[in-house]
Amino acid sequence: MKRVQLTNYGASLLSLALLGGCVDDTGIGGEGEGTAETSDSSGDGDGDGDGDGDVGTETSDTGDGDGDPGDGDGDPGDGDGDGDGDGDGDGDGDGDGDGDGDGDMPDPLDEIPEEEWEDVPNPDGVPSPYPGVYDDLGAADPNDLFRALIGLDLRDREQLEDFVLEVSDPLSDLYGDYMSTQEFLDNHAPLESDFTLLQAWLAFEGLSVNYLATNRQLIQFSGTVGQFNEAFNTTLHVCMRKNPQQGNPPIPVYCATEASTLPLFVANRSPGIVTADLPAEVGNLPNELGNIQAIPPNGANSGSRLTPDRVARAYNVDDLYAQGYDGTGQKIGVVMGAQIHSKWAQTFWQSWGILRSNPEIIYLMEDPVTRYVESQLDNTWAGAIAPGAELIGYEGPDSRNTSMVFVFNEAVTRAQADGVSVITNSFAHREDSEPPVVRRQYDDSGLVGAALGITLLAATGDSGGVDTPSHSSWVTGVGGTQLYLNGSGNVTNETGWNKSGSGISLTIEIPDWQLAVAGNIGNGNRRVTADVSAAASTGSPYWVYYNSSWMLYGGTSFSSPVWAGIIAVVNQYRDENGMAPVGYLNQMLYTTPAVQATFRDITAGATADHSAGPGWDPVTGWGTPDAEAFAITVPSP
């Protein structure tokens, strides 16, 4: 597994263990499941003994089935401060933070007028106590540690939205003429001077700046709870959050009973504190032991169980394979919390006759100390559907908001330079369980990805409700269906899944391109998901190899990486036939009847709130793809 280590911009305060977790998959049992490894004497495990989230039906904070951490795993840390050997957290050895050792650089805070130091109330992404969801245990110990994100506002956001709508409209002369990363940084990213100013202010408050977003939208910082309380005029509490893993105990998170404040000059540049979490876990990732075992599970093709070959046939990807298209030359970005096990991945692929390379992992924050089944299945299924494509894993230490919000934002910004044309994210959290600041930050990041021409895909969740980040209109929300296969593995029927994440966003206004089909839902003023779908039901479960065992799962955690694999194969076809890549999908899909006609229209099945029906519907969106027809029909500039 190729590793790329990125810069750590300061001291890592990493000492308090936390519970991590994988999200959005529903386990229904399997061969040898639920056996956490110990020393791997059986020959092919890693000896990590984590058993993290590989069994059980996940629920969410509101009992929904998608959620966030909950497996007892976390993330790593070196505890040295910054990797420069002195442990001071500045990387330059002089303590002034300017990198030259002379201490003579001007302090940007000196230019701030006195009246702009006044503290003003400001929204934040720290949840409030809520009985049954966030149960308050009282004020956190001031000496405990935290990690957090503060955001910066995009420049000329409305103009950026207009640009995306113009270049994604097949009728526009600018169709497909997406922005370069540098153009975005020059014209719409937060100013470098504002980025530097907020870092200086955090340092002034005694806080450590650890990681900086490439697009200058986020700063990750850390310190003690007491420092956080003083800087933001609030009091962090510890709340026990309902565990998304059924049967597992609640997990500790930070919450607050009152909103934070920011100095006026900070509030004028920032949407606020986006997240505040317990620190990433410290430790070492266990080594991979054992051997690759290319042996399919017993009963692999029984009933409607899904193998890579069966999924490819269901969605007509096999016709593209037959023409020589398998994703070669394409790169798929996978948003990850924690690490995967490459030998388990190769066991999965080789058991189905797939010979491919391991993912290249880009470590964006603290090193992980554990593995998640979510990250495992996201990589293995995307890589199985597009066996010729390269996988780029954008990795954070765990599935806490501080990790996942930062990683998603980094992935969309780095994708273009990395050669990535499609990104999948199955770390879905219920929208109604996340503060508005978190929801808005995901939407901002989605807008950036759309402007850069990246196809952004996200699982809509397994609760029948709306999840982040698929709530964003700049992200294509992938809902769930149930496939019915005959003895030959061919599709006889497909219906909407009763837990397919779907419905009306609490946050995002309905885009003009969705009004024609969703303007009559609710008050007609909010975005509605899903946009597309693929198999997700536990009634037609997917095979997963994890913890040295074959098991069966369902969930939209699978439908999103399956779609990512399809897009990679489609983009190879289009590239070799003189057509542009798919790019930002949503507006084109909702406004182009010829593309809609390439989908299998799912007309049966329902969630508690919505039903599938002819044409677009919330449960399944436009339906499931015919990959070959889709590849041919998507307009090209």
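Residues numbered from 1 in each chain as written. Predicted model: local features only at pLDDT ≥ 70, side-chain atom pairs only at ≥ 80, totals over all residues. Heavy atoms only, no water.

J.: Sorry, what's going on with the packing of aromatic side chains here?
T.: This structure, assessed with the given rule, holds 26 aromatic pairs. Both rings, one in tyrosine 325 and one in tyrosine 573, keep their centres 5.1 Å apart while their planes meet at 75°; by these two values the pair is edge-to-face. Of this pair, tyrosine 325 sits in the loop between helix H7 (317-322) and strand E12 (331-337) while tyrosine 573 sits in helix H13 (residues 556-576); the two residues are 248 residues apart in sequence, bridging distant segments of the chain. A relative accessible area of 11% places tyrosine 325 in the buried class. For the pair tyrosine 545 and tryptophan 550, a centre-to-centre distance of 5.1 Å together with 65° between the ring planes defines the contact as edge-to-face. Side by side, tyrosine 545 and tryptophan 550 carry an identical accessibility label, which is buried. An aromatic cluster of three or more residues is present, and its members are Phe348, Trp352, Trp381, Tyr542, Trp543, Tyr545, Trp550 and Phe558. The residue whose ring lies beneath arginine 356 is tryptophan 349, and the NZ or CZ to ring-centre distance is 5.0 Å. (Phe/Tyr/Trp six-rings, centres within 6.5 Å; stacked < 30°, edge-to-face > 60°. Helix = DSSP H or I, 4+ residues; strand = E, 2+ residues; numbered from the N terminus. Buried < 20%, exposed > 50% of the residue type's maximum accessible area, 1.4 Å probe, protein only. Lys NZ or Arg CZ within 6 Å of the ring centre and 35° of its normal.)

J.: Teacher, can you tell me more about the sheet that holds strand E7 (residues 218-224) here?
T.: What holds strands together in a sheet is hydrogen bonding between their backbones, with the strands either parallel or antiparallel. Pairing in this open sheet of four strands is antiparallel, and the strands run E6-E7-E5-E11 from one edge to the other. Both edges of this open sheet fall to strand E6 (208-212) and strand E11 (273-277), since each of them pairs with a single strand only. Across the sheet, the mean angle from the axis of one strand to that of its neighbour is 25°, orientation sign disregarded. Pairing analysis gives four bridges linking E6 to E7, with the strands arranged antiparallel. Note on E7: the bridge partner recorded for tyrosine 211 is glutamine 220. Of the strands in this sheet, strand E5 (145-151), E6 and E7 are in contact with helix H3 (residues 192-204), which crosses E7 at around 5°. (Pairing = 2+ DSSP bridges. Axes fitted to C-alpha atoms, helices over the stretch in contact; angles between N-to-C directions. Contact = heavy atoms within 4.5 Å.)

J.: Which parts of the structure should I look at to understand the sheet that holds strand E9 (residues 251-256)?
T.: Here we have three strands laid out as an open sheet, ordered E4-E8-E9, and antiparallel in their pairing. Sheet topology places strand E4 (134-139) and E9 at the edges, where each strand pairs with a single neighbour. Going from strand to strand, the sheet's axes swing by 35° on average, the running direction of each strand aside. Relative to E9, strand E8 (residues 236-241) runs antiparallel, the two being bridged by six bridges. Bridge pairing links leucine 236 to alanine 256 in E9.

J.: Is there a simple way to think about the layout of surface pockets in this case?
T.: Summary: where empty space remains is shown by rolling a probe the size of a single water molecule over the atoms. When its volume is computed, the second largest pocket comes out at roughly 370 Å³. For the second largest pocket, the lining is made up of 16 residues, of which Glu161, Trp474, Glu509, Ile510 and Pro511 are closest to its centre. Looking at the lining of the second largest pocket, the elements that each hand over two or more residues are helix H1 (157-167), helix H11 (436-451) and strand E21 (503-509). Considered class by class, the residues forming the lining of the second largest pocket number six nonpolar, three polar and seven charged. (1 Å grid on protein atoms, 1.4 Å probe; cavity = no way out; pocket = protein on both sides within 12 Å on 5 of 7 lines; lining within 4 Å. Points joined across faces, edges and corners; volume = space filled by probe spheres on them. Nonpolar A, V, L, I, M, F, W, Y, C, P; charged D, E, K, R; others polar.)

J.: Could you clarify how one ought to interpret the environment of glutamate 360 in this entry?
T.: Here glutamate 360 shows up in strand E13 (residues 360-363). Remark: the alpha-carbon pair of glutamate 360 and leucine 391, spanning 31 residues in sequence, is separated by 6.2 Å.

J.: What am I meant to see in the confidence of the model for the chain here?
T.: In regions of low pLDDT, the predicted coordinates are not meant to be interpreted in detail. Mean pLDDT over the chain works out to 86, with 82% of the residues at or above the 70 mark. Note on residues 1-103: pLDDT is under 50 here. Beyond four places in sequence and across chains, it has 391 contacts. (pLDDT = per-residue confidence, 0-100.)

J.: Teacher, can you tell me more about empty space enclosed by the protein here?
T.: The final tally for this structure, using the stated rule, is two cavities of 30 Å³ or more. In this structure, the largest cavity occupies an estimated 150 Å³ of space. For the largest cavity, the lining is made up of 17 residues, of which Pro127, Arg241, Ala276, Asp277 and Asn401 are closest to its centre. Those elements that provide at least two residues to the lining of the largest cavity are E9 and E11.

J.: Which parts of the structure should I look at to understand the nonpolar core?
T.: In a soluble, globular protein the nonpolar side chains are often hidden away together inside. Counting 122 residues, the largest nonpolar core has Phe184, Tyr315, Ile332, Tyr394, Ile423, Trp563 and Phe630 as the members making the most contacts within it. With 10 residues, H13 is the single largest residue contributor to this core. If you look at the next biggest cluster of nonpolar residues, it comprises 34 residues, including Ala140, Val225, Tyr254 and Val266. (Core = buried A, V, L, I, M, F, W, Y, C linked by side-chain atoms within 4.5 Å.)

J.: In this structure, what is going on with helix H9 (residues 373-385)? I would like to understand it.
T.: An α-helix turns once per 3.6 residues; consequently, residues spaced three or four apart project the same way. For H9, built from 13 residues, the straight-helix expectation of 18 Å at 1.5 Å per residue is met to within 8% by its first-to-last C-alpha distance of 18 Å. Of all 13 residues making up H9, 13 are buried, and the element is well covered by its neighbours. (Expected span 1.5 Å × (residues − 1).)

J.: Could you clarify how one ought to interpret unusual backbone geometry in this entry?
T.: Peptide bonds are mostly trans, and most non-glycine residues show a negative phi. With an omega dihedral of 0°, the bond running from threonine 468 to proline 469 counts as a cis peptide bond. With an omega of 15°, the peptide bond between threonine 529 and alanine 530 qualifies as cis. One can find alanine 530 in the loop between strand E22 (526-529) and strand E23 (532-535). For asparagine 316, which is not a glycine, the phi torsion comes out positive at approximately 60°. With respect to the helices, strands and loops of the structure, asparagine 316 is situated in the loop between helix H6 (308-314) and H7. In this structure asparagine 316 comes out as buried when scored by relative accessible area, which is 16%. At asparagine 547, a residue that is not glycine, the phi angle is positive and equals roughly 55°. Relative to the elements of secondary structure, asparagine 547 occurs in the loop between strand E24 (542-546) and strand E25 (549-554). Asparagine 547 sits in the buried class, given a relative accessible area of 2%.

J.: Can you walk me through the side chain of arginine 216 in this structure?
T.: In this structure, arginine 216 sits in the loop between E6 and E7. Using a relative accessible area of 12% as the deciding quantity, one classes arginine 216 as buried. Within polar-contact distance, the side chain of arginine 216 engages the backbone oxygen of proline 190 at 2.6 Å. Other than its neighbours up to four places away in sequence, arginine 216 contacts Leu152, Arg155, Leu185, Ala189, Pro190, Leu191, Glu192 and Phe195. (Polar contact = N/O pair within 3.5 Å; in protein donor to acceptor, adjacent residues only side chain to side chain.)

J.: Quick question: what am I supposed to make of the packing of H9 against H13 here?
T.: When two helices pack together, their arrangement is given by the angle between the helix axes and by the axis-to-axis distance. Running from N to C, H9 and H13 cross one another at 30°; their axes reach a closest spacing of 7 Å. On the basis of the axis angle, H9 is roughly parallel to H13. The interaxial crossing formed by H9 with H13 has right-handed handedness. Residues Glu374, Leu377, Asp378, Trp381, Ala382 and Ile385 of H9 pack against Ser557, Phe558, Pro561, Val562, Gly565, Ile566 and Val569 of H13. Residues that form the contact of H9 with H13 fall into these classes: nine nonpolar, two polar and two charged. (Parallel < 35°, antiparallel > 145°, perpendicular 65-115°, else oblique. Left-handed = near helix turned anticlockwise from the far one by under 90°.)

J.: Can you walk me through the environment of aspartate 318 in this structure?
T.: Structurally, the position occupied by aspartate 318 is in helix H7. Given the relative accessible area of 26%, aspartate 318 is considered partly exposed. Sequence separation between aspartate 318 and glutamate 628 is 310 residues, and the spatial gap between their C-alpha atoms is 8.7 Å. Not counting residues up to four positions away in its chain, the partners in contact with aspartate 318 are Ala312 and Arg313.

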